[in-house]
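Summary of structural features
What follows is each chain in one-letter form.
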Amino acid sequence: MRILGIDPGFRVTGFGVVQILRNGKLNYVTSGCIKIKGDLAERLQIIYENITEIITDSRADVLAIEKVFLARNADSALKLGHARGAAICASTNQQLSVHEYTALQIKKAVVGKGNAQKAQVQHMVKELLALSGKPQADAADALACAICHAHRTVGLHALDRGLSIPRMRVVR
């Protein structure tokens with residue numbers, strides 16, 4: 001299974017794709033940031049088109065996206081909601097199922113505590129995926145979202161089969 005993680009943003013949208021291999025190993029596929037400029041319609045089109053292209057190129061199977069929980073003001077929250085909507089529409093148009101996680105859930109899954117700082121998330125994503133360097137902050141958040149869904153998926157499948165939950169292993 002390939003999981004596309006998205007950290008939605010109105011100026012920068014992070015993305016990251018990880019794959020759960022048959023043996024339970026977690027493998028890095030790709031990540032990056034979509035830099036967005038223009039008016040509202042142009043920004044949403046850029047997000048939609050880029051996410052569609054990423055899904056096609058990476059052969060992603062599901063979308064894991066961060067929920068909006070806090071913004072500096074109502075206008076920021078509305079813009080963030082638009083960015084999420086464009087990413088979700090691109091994903092559903094490509095027949096991906098959508099799974100939403102709070103920042104707290106994502107940080108707990110990757111770092112082990114919900115109040116982790118961005119630098120801690122970057123460090124743990126680097127370690128969990130055996131990357132040579134730290135990914136950009138927005139890409140790291142997107143990869144963390146994908147890792148969160150991977151942990152949940154592997155755990156639920158194990159519970160369904162009556163097995164103990166396996167630990168995620170990294171491909172080196």
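Residues numbered from 1 in each chain as written. Predicted model: local features only at pLDDT ≥ 70, side-chain atom pairs only at ≥ 80, totals over all residues. Heavy atoms only, no water.

1. Some remarks on the overall build of the protein
- The helix and strand tally for the protein stands at five helices and six strands.
- When burial is assessed residue by residue, the protein has 41% of its 172 residues classed as buried.
- For the protein, the proportion of contacts with a sequence separation of at least 24, taken over those separated by at least 6, is 59%. (Helix = DSSP H or I, 4+ residues; strand = E, 2+ residues; numbered from the N terminus. Buried < 20%, exposed > 50% of the residue type's maximum accessible area, 1.4 Å probe, protein only. Contact = heavy atoms within 4.5 Å.)

2. Topic: the pairing of strand β1 (residues 2–7)
- Most of β1 is tucked away: six of the six residues are buried.
- Pairing of β1 with strand β2 (residues 12–20) involves six bridges; the strand directions are antiparallel. The residue of β2 that forms the bridge with R2 is Q19.
- Taking the residues that link successive antiparallel strands as the turn, the β1-β2 hairpin has four residues. (Pairing = 2+ DSSP bridges.)

3. Structural notes on the side chain of S58
- Its place among the elements puts S58 in helix α1 (residues 40–58).
- If sequence neighbours within four positions are ignored, S58 has contacts with R2, V17 and T30.

4. Re the confidence of the model for the protein
- For the protein, mean pLDDT is 88; residues scoring 70 or higher make up 87% of the total.
- Ignoring residues within four places in sequence, the model shows residues 156–160, a span with pLDDT below 50, making five contacts including any to other chains. (pLDDT = per-residue confidence, 0-100.)

5. A look at the state of the cysteines
- Applying the stated criterion across every chain, the model contains zero disulfides.
- With no disulfide of its own, C148 has C145 as its nearest cysteine by sulfur position, at a separation of 6.3 Å.
- Residue C148 is classed as buried on the basis of its relative accessible area of 5%. (Disulfide = S-S within 2.5 Å.)

6. Looking at helix α2 (residues 74–93)
- Taking 1.5 Å of rise per residue, 20 residues should cover 28 Å, and α2 covers 28 Å from first to last C-alpha, within 8% of that figure.
- Among the residues of α2, A83, R84, A86, A87, I88, A90 and S91 are the ones counted as buried.
- Each element contacted by the buried residues of α2 is listed here: β1, α1, β4 (62–66) and β5 (97–101).
- The N-cap residue of α2 is N73: its side-chain oxygen and the backbone nitrogen of D75 are 3.0 Å apart. (Expected span 1.5 Å × (residues − 1). Polar contact = N/O pair within 3.5 Å; in protein donor to acceptor, adjacent residues only side chain to side chain.)

7. Notes on helix α4 (residues 118–128)
- Considered for burial, the residues of α4 that qualify are V121, Q122 and V125. The arc enclosing the buried residues of α4, seen along the axis, measures out at 100 degrees, which places them on a common side.
- Remark: A130 follows α4 within two positions and exhibits a positive phi of approximately 55 degrees. (Arc of directions from axis to C-beta.)

8. Structural notes on the nonpolar core
- Membership of the largest hydrophobic core comes to 21 residues, with the highest contact counts inside it found for I3, V18, L26, V125, L129 and I147.
- The set of elements that each furnish at least two residues to this core consists of β2, β4, α3 (103–110), α4 and α5 (137–160).
- Among the elements that make up this core, the one with the highest residue count is α5 (seven residues).
- Setting aside anything within four residues of it in sequence, one finds V18 in contact with M1, R2, I3, L26, N27, V29, L129, L143, A146 and I147. (Core = buried A, V, L, I, M, F, W, Y, C linked by side-chain atoms within 4.5 Å.)

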